[in-house]
Amino acid sequence: MSLLPPTLLLPQQTISKTGAALGLTQSAAAFGLKGMVVHGQSLQRSGMLEAILADPPADMTLRTWCHAGGEPTVGQVDALRAELRANRPDWVAAVGGGSVIDLAKAAAGLVDAPERTAHYQTHGAAIPSAALPLIAVPSTAGTGSEATVVAVLTDPERNFKQSIRHPSYMPKLVILDPALLKGCPPSTIATAGLDAFIQAFESYTSRHATPFTRALSELALARISRALLPLYQGSGDAASDMLEASYLAGLAFSHARLGLIHGLAHPLGARFHAAHGLVCARCLPAALTFNRPVIRQDLDDLKARHGLDVEAQVAAWLDAMTLDNPFAGQRVADRDALIRETLASGSTAANPRPVTADDVDAILDAILA
Ligand SMILES: [Fe+2]
């Protein structure tokens, strides 16, 4: 077995240091003097955006774009693409959570593409190469989007959630600054952290995992299992651990892909509008029961090397971080479509155990019970 993925795609540069976000514009000057900074509302409210943009290099011109919030929609990507075409920056920086990074990644990637974003979100449509370099500065520790070639987009009109990916979407520069996590609401720390943990776990057991990606996944699993609850409880020291671990989990799954939990989480998330990490966590027990016959050794290894019981750990977090079950007693009106979307997902295709429509049907019964 090859140690490496068939193609290894990493950010050109990653800076991991408290306060590093304040050097964003200085670092970005390497890509040109005309920049677009995409951000969320909380960054503006906290005054952090102003601090980051306070002292740009001479002759640098900056524009900003505030993401309205929520998971990025194909319409929001179209709007930002139009802005980028009109003003043509040399680089795009995303400072925010996974939604902000995915929005900027998709818009910078598709800026010159001829079709509307929804066209590329549909299966089979070829994605053109990214036209603008992306700088990613995460302000939550979870999605790992700063270290992936993937942008997850929703289409509310079609109740459809599907990622687009291209090798050129890997950010050129990543800044991991734990100071940005200050003020992150506990509920976001909880759901983002669950996402990071489950991404680390699914990339660890994926059928496309390699020794290289498994090492990254395992580092992330061990670190998140120690750091998530302290960060939720307000320990600033855990912020750096969670940021670095989410980044490693992102690198791992960008190469190894994920599994059935993410295959289910996208169509379920598009219908129930619950936080992605929570949806993943609620799908985990049933998916784990299904996969256990083929991943027993992996589970034993994590227990032996890190004292980590994956199912018990997630259950303990759901309890300690008081996260409700968005699925209890719910019904899915279009169950056949949901099953089709789960089976069509690249995540499901990477699941360690092959999945049939009957399997998904039975697992949905368990999740919605
Ligand atoms: Fe995820």
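Residues numbered from 1 in each chain as written. Predicted model: local features only at pLDDT ≥ 70, side-chain atom pairs only at ≥ 80, totals over all residues.

## Some words on the overall build of the protein
- If you tally the helices and strands in the protein, you get 15 helices and 8 strands.
- Taken over the C-alpha trace, the protein has a radius of gyration of 19 Å; the compact-globule value for 369 residues is 21 Å, and the two agree within 12%.
- Expressed as lengths along the three principal axes of its C-alpha atoms, the size of the protein is roughly 60 × 45 × 45 Å.
- Split into buried and exposed, the 369 residues of the protein put 51% on the buried side. (Helix = DSSP H or I, 4+ residues; strand = E, 2+ residues; numbered from the N terminus. Rg over C-alpha atoms; globule rule 2.2 N^0.38 Å. Buried ≥ 20, exposed ≤ 12 C-beta atoms within 10 Å, placed from the backbone.)

## So, the pairing of strand S5 (residues 134-138)
- Of all 5 residues making up S5, 5 are buried, and the element is well covered by its neighbours.
- In S5, alternate side chains face the same way, and those of Leu134, Ala136 and Pro138 on one face and Ile135 and Val137 on the other are all buried.
- The sheet contact formed by strand S4 (residues 91-96) and S5 spans 5 bridges and is parallel. Counterpart to Ala93 in the pairing with S5 is Ile135.
- Pairing geometry for S5 and strand S8 (residues 173-176), over 2 bridges, is parallel. In the sheet register, Ile135 faces S8, and the bridge partner there is Leu173. (Pairing = 2+ DSSP bridges.)

## A look at the pairing of S4
- Taking burial as the measure, the 6 residues of S4 include 6 buried ones, the bulk of the element.
- Judged by which residues are buried, S4 turns out to be covered on both faces: Trp91, Ala93 and Val95 on one side and Val92, Ala94 and Gly96 on the other are all buried.
- Examined bridge by bridge, strand S2 (residues 34-40) and S4 share 5 bridges and lie parallel to one another. Its bridge partner being in S4, Val38 is matched across the sheet by Ala94.

## Observations regarding the environment of Gly19
- By the element assignment, Gly19 lies in the loop between strand S1 (13-16) and helix H1 (24-28).
- Gly19 sits in the exposed class, given 10 other C-beta atoms within 10 Å.
- In this structure, the C-alpha to C-alpha distance between Gly19 and Asp177, residues 158 residues apart in sequence, is 5.9 Å.
- Excluding its chain neighbours within four sequence positions, the residues that come into contact with Gly19 are Asp177 and Ala179. (Contact = placed C-beta atoms within 7 Å.)

## Observations regarding the packing of helix H4 (residues 74-87) against helix H5 (residues 98-109)
- Two elements in contact, H4 and H5, have axes separated by 9 Å at closest approach and are oriented at 55°. Considering the angle they form, H4 stands oblique to H5. Remark: the crossing between H4 and H5 carries right-handed chirality. Between H4 and H5, the residues in contact are Gln76, Val77, Leu80, Arg81 and Leu84 and Leu103, Ala106, Ala107 and Ala108, respectively.
- Here the contact of H4 with H5 is composed, by residue class, of 7 nonpolar, 1 polar and 1 charged. (Axes fitted to C-alpha atoms, helices over the stretch in contact; angles between N-to-C directions. Parallel < 35°, antiparallel > 145°, perpendicular 65-115°, else oblique. Left-handed = near helix turned anticlockwise from the far one by under 90°. Nonpolar A, V, L, I, M, F, W, Y, C, P; charged D, E, K, R; others polar.)

## Some details on the domain arrangement of the protein
- In terms of domain boundaries, the protein breaks down into domain 1 (13-180) and domain 2 (186-368).
- Between the C-alpha centres of domain 1 and domain 2 there is a distance of 24 Å.
- Each side of the interface is counted separately: domain 1 has 22 residues, and domain 2 has 25 residues.
- For the side of domain 1 that touches domain 2, the secondary structure elements donating two or more residues are strand S6 (150-155), strand S7 (160-165) and S8.
- In terms of residue count, the dominant contributor to the side of domain 1 that touches domain 2 is S7 (3 residues).
- Split into classes, the residues belonging to the side of domain 1 that touches domain 2 amount to 9 nonpolar, 11 polar and 2 charged. (Domains from an automatic or database assignment.)

## Observations concerning the sheet that holds S5
- Strand order in the open sheet formed by 6 strands is S1-S8-S5-S4-S2-S3, and the pairing between neighbours is parallel. Of all the strands in the sheet, the pair left with one neighbour each is S1 and strand S3 (61-67). Taking each pair of neighbouring strands and ignoring which way they run, the sheet shows an average axis angle of 15°.
- Sheet analysis places S1 next to S8, joined by 4 bridges and oriented parallel. By the bridge assignment, Ser16 is partnered in S8 with Leu176.

## What to know about the nonpolar core
- Val92, Ala93 and Ala94 are the most contacted members of the largest nonpolar core, which has 114 residues in total.
- With 12 residues, helix H9 (residues 237-256) is the largest single contributor of residues to this core.
- Setting aside residues up to four positions removed in sequence, Val92 forms contacts with Met36, Val38, Leu84, Ala104, Ala108, Leu132 and Leu134. (Core = buried A, V, L, I, M, F, W, Y, C linked by C-beta atoms within 7 Å.)

## Some remarks on helix H11 (residues 276-306)
- In a regular helix each residue adds 1.5 Å, so 31 residues correspond to 45 Å; H11 covers only 26 Å between its end C-alpha atoms and thus falls short of that length.
- At Val294, H11 is deflected by roughly 90°, the largest bend along its length.
- Of the residues trailing H11, Gly307 is marked for its positive phi of about 65°. (Expected span 1.5 Å × (residues − 1). Bend = angle between axes of the 7 residues up to and from the residue.)

## Observations concerning the environment of Val37
- Mapped onto the fold, Val37 is located in strand S2.
- Its 26 C-beta neighbours within 10 Å are what place Val37 among the buried residues.
- Contacts of Val37, omitting those with residues within four sequence positions, involve Leu53, Leu62, Thr64, Ala93 and Val95.

## Topic: helix H8 (residues 211-232)
- The terminal C-alpha atoms of H8 lie 31 Å apart, and with 22 residues this matches the ideal 32 Å at 1.5 Å per residue to within 8%.
- Just downstream of H8 lies Gly234, where phi reads positive at about 105°.

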